[in-house]
Amino acid sequence: MEIKGKATEKESQSPKFTLPVDSEHKATEFRLLSVAAPHMRAFHLSWVSFFACFVSTFAAPPLLPIIRDNLNLTATDIGNAGIASVSGAAFARIALGTACDLFGPRLASASLILLTAPAVYFTSIASSPTSFLLVRFFTGFSLATFVSTQFWMSSMFSARVVGTANGAAAGWGNLGGGATQLIMPLVFGLIRDIGALKFTAWRIAFFIPALFQTLSAFAVLIFGKDLPDGNFRPLQKAGAKPKDKLSNVFYHGITNYRGWILALTYGYCFGVELTVDNIIAEYFYDRFDLKLHTAGIIAASFGLANIVSRPAGGLISDAVAKRFGMRGRLWALWIVQTLGGVFCIILGRVESLGASILVMIVFSFFCQAACGLTFGVVPFVSRRSLGLISGMTGGGGNLGAVLTQLIFFKGSKYSKERGITLMGVMIICCTFPICFVYFPQWGGMFCGPSSKTVATEEEYYLSEWNTEEKEKGLHQGSLKFADNSRSERGGRADSETRPADETPSAYV
Amino acid sequence: MAARRLLLASLVLSCSLLPCYGAVLFSSLQKTLAVTASPTSGQVLKGGVDKITVTWGLNQTLAAGTDSTYKTIKVKLCYAPLSQVDRAWRKTVDRIKKDRTCQHKIVARPYNSANKTFQSLEWTVQRDVPTATYFIRAYAYNADESEVAYGQTTDAHKTTNLFQVESITGRHMTMDVCSICFSVFSVVSLLVFFYIEKRKSKRSQ
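Residues numbered from 1 in each chain as written. Chains lettered and ligands numbered in written order. Predicted model: local features only at pLDDT ≥ 70, side-chain atom pairs only at ≥ 80, totals over all residues. Heavy atoms only, no water.

The name recorded for chain B in an unreviewed UniProt entry is High-affinity nitrate transporter, from Populus deltoides. Heading Function (unreviewed entry) of the UniProt record for chain B holds this comment: "Involved in nitrate transport." Chain B has a UniProt comment under Sequence similarities (unreviewed entry) that states "Belongs to the NAR2 family." (UniProt positions renumbered as here; feature names shortened; annotations may be inferred.)

The name an unreviewed UniProt entry gives chain A is Major facilitator superfamily (MFS) profile domain-containing protein, with Populus deltoides as the organism. UniProt, in its Sequence similarities (unreviewed entry) section for chain A, records the words "Belongs to the major facilitator superfamily. Nitrate/nitrite porter (TC 2.A.1.8) family." Quoted verbatim from the Subcellular location (unreviewed entry) field of the UniProt record, the comment on chain A reads "Endomembrane system".

As structure tokens, this is what we get:
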């Protein structure tokens, strides 16, 4: 909500926003059907560009029956390319997170998208298993755009709705992984019916995701804004936003243990989602003797569930936070992700087709909602290194996918159903560390907030700046954020009298 | 007791219906057809360009009446074991309906048991045939469209008389040029945007 009183002098200078905003000009409401600049426009630009990257990264799997004949691939080649497609983004996400902190999400994401578009164009001219692996590897880097969507949403939406915004942007982007299983065979069929040969048609088909990706990057650059007040560089030049140093951003990110725990747990919701995207079609095809087409539709439905499941996770996070604050967010995350693990175990053990599809859909809901819930917590871990923490968490997701595929789904050590059951067990084990996440000002799963009077939001976020930097006034952004994040104390905080005239002058 | 009888009866009934439901096993077929093809052992054929001449007919040394049920002959291009390694989508299984060894149809011709001459066909290797090692097999079908006999150009272990096909790449010069142009365009447009941004911020100062 707008802060009256000392904000009035600023209001006459600041631009009018369509949505209600807080003191950082972040929107306090999330209106899905609006395209108002800058908040909702940023939302739509970020999810569409992320969707395009997902479509490109997973464009090959539905066309593999044709590609494997054209390029003479073996099952090992296909498996390796699948692992390569998700491994590149593991480190690209960390790099992009840092780039967002330094240059802003608009430039960072558009740069990545335009620099990986060539890999998608070159897929059309791949001619061997090696070149196929390389194009899938480099195309996969574009999945790092996830970090810029989360960073962008965290910069545009306030604490009250950040979970929902993050969940919707990421969920609708992830949708691309399911949509592509339907889009690519359709485009391929159309091109072949026009008269092209099979081995040419699939190559031409790849121009579609490549062009979509290029155009979405242009849209981000032309219509997007990094922050509600404008873009990074003009703001930095005007002195309204201080420029930060890479080494400081890096240091404060990697020394925050919560970032590492969330990286691990995200590996076992999002990582599992990526793994399932890669193996589920084959699983249904082999175990239940389905046609490839049918198995593909079932596989697509796992990814398409993202349209509601991930945003629902974000909504649940925000709803729980209203009453229980950060502790509620952590509990909800732990419960939903652990249940995801339980349903994964059941999926591996179920014998009939109908039951398998049902369990898979329930499993997809919990798995993807857990992803949404994770990014209800991430925006609060660090303010200075938000991008890096988002990147670490996102990167952890991809590493989880690589690890899980290597352990359970490479070669013939485990049957697919046994692999799925064991993956479920691993989900439960790797979700447990959430119990150790503790915020002094809000508490953790098992402990309440610290009883020390110094344990406040300001104390937590300003600990990322040293005295020198505070003297230069570099910490002002974090200060505002700390103030706005007080809602993470939960329902009981509303009844506390907000010390409206307690100015943060003590920290200047 | 009645339930058990019903179960048994339905099992027997379904077993007798099996041939209609494609449960014919390859191991149950007799090799009665003689099939020869023009490619020599180890020859490499180019997809879309080179031709194969296939000749097939009943093995003359067999007793008369062996071919009384044959109605159709289908000649197919089949993958040799070398091209099946690590490729489960080309797996050989005994149940012919599930067998994925022979995925490319060369020709299907009706069979007349009265006509004892060998039939032949000159077939251009189609452009959707992938690069692999192959042999040729012919299946004889009865009136119910079930396999009843076969013949192939190689031995029982599928090791002799194999030939290779080199498929088209599917690439065209235009496509190569477009890929490179669009890629360069993407990168250059990014640099152009950076330049415009820099100019804008300099001007606004």
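Once the structure has been displayed, the description carries forward.
## Examining the UniProt feature "transmembrane region" (unreviewed entry) in chain B
Within the UniProt annotation, "transmembrane region" (unreviewed entry) is assigned to residues 173-196 of chain B. The span residues 173-196 of chain B shows a helical share of 100% and a strand share of 0%, and its end C-alpha atoms are spaced 34 Å apart. (Helix = DSSP H or I, 4+ residues; strand = E, 2+ residues; numbered from the N terminus.)

## A few points about the state of the cysteines
For the coordinates displayed, the defined rule picks out 1 disulfide over all chains. Put simply, Cys 78 of chain B and Cys 102 of chain B are joined by a disulfide, and their sulfur atoms are 2.0 Å apart. Here the S-S torsion is close to 100°, and the disulfide linking Cys 78 of chain B with Cys 102 of chain B is therefore right-handed. With a gap of 24 residues between them, Cys 78 of chain B in strand β5 (residues 72-79) and Cys 102 of chain B in strand β6 (residues 102-110) connect regions that are remote in the sequence. Pair check on accessibility: Cys 78 of chain B and Cys 102 of chain B agree, each one buried. Cys 371 of chain A takes part in no disulfide bond, and the closest cysteine sulfur to it belongs to Cys 269 of chain A, at a distance of 3.7 Å. Overall, Cys 371 of chain A belongs to the buried group, its relative accessible area being 0%. (Disulfide = S-S within 2.5 Å. Buried < 20%, exposed > 50% of the residue type's maximum accessible area, 1.4 Å probe, protein only.)

## Concerning the packing of helix α7 (residues 145-156) of chain A against helix α18 (residues 386-408) of chain A
All names here are of chain A. Relative to each other, α7 and α18 sit at 140°, their axes nearing to 9 Å. Looking at the two axes, α7 sits oblique to α18. Crossing angle aside, the handedness with which α7 passes α18 is right-handed. The segment α7 lies against α18, with Phe 146, Val 147, Phe 151 and Ser 154 engaging Leu 386, Gly 387, Ser 390, Gly 391 and Gly 394. Considered class by class, the residues forming the contact of α7 with α18 number 4 nonpolar, 5 polar and no charged. (Axes fitted to C-alpha atoms, helices over the stretch in contact; angles between N-to-C directions. Parallel < 35°, antiparallel > 145°, perpendicular 65-115°, else oblique. Left-handed = near helix turned anticlockwise from the far one by under 90°. Contact = heavy atoms within 4.5 Å. Nonpolar A, V, L, I, M, F, W, Y, C, P; charged D, E, K, R; others polar.)

## Overview of the sheet that holds strand β7 (residues 119-124) of chain B
Residue and element names in this part refer to chain B. Judged by pairing direction, the sheet is antiparallel, and its 3 strands sit side by side in the order β2-β4-β7 without closing on themselves. With partners counted over all chains shown, the strands left at the sheet margins are β2 (33-37) and β7, one partner each. Here the strands of the sheet are splayed against their neighbours by 20° on average, with no regard to which way each runs. By the bridge criterion, 5 bridges tie β2 to strand β4 (residues 51-58) in an arrangement that is antiparallel. Bridge pairing in β4 links Leu 33 to Leu 58. (Pairing = 2+ DSSP bridges.)

## A short note on helix α12 (residues 246-254) of chain A
Along an α-helix, a turn takes 3.6 residues, which lines up residues three or four apart on a common side. All names here are of chain A. Of the residues making up α12, those classed as buried are Val 249, His 252 and Gly 253. Summarising the axial view, the buried residues of α12 lie within an arc of 105°, below the 170-degree limit, and thus occupy one face. Check the buried side of α12 and you find it contacts α4 (75-103) and α18. (Arc of directions from axis to C-beta.)

## Regarding the packing of helix α3 (residues 60-70) of chain A against helix α8 (residues 162-194) of chain A
Residues and elements named next belong to chain A. One can describe the packing of α3 onto α8 by two numbers: an axis separation of 8 Å at closest approach and a directional angle of 40°. Classified by the angle their axes make, α3 and α8 are oblique. Here Pro 62, Leu 63 and Ile 66 of α3 come into contact with α8, specifically with Thr 180, Gln 181, Met 184, Pro 185 and Phe 188. In terms of residue class, the contact of α3 with α8 is built from 6 nonpolar, 2 polar and no charged.

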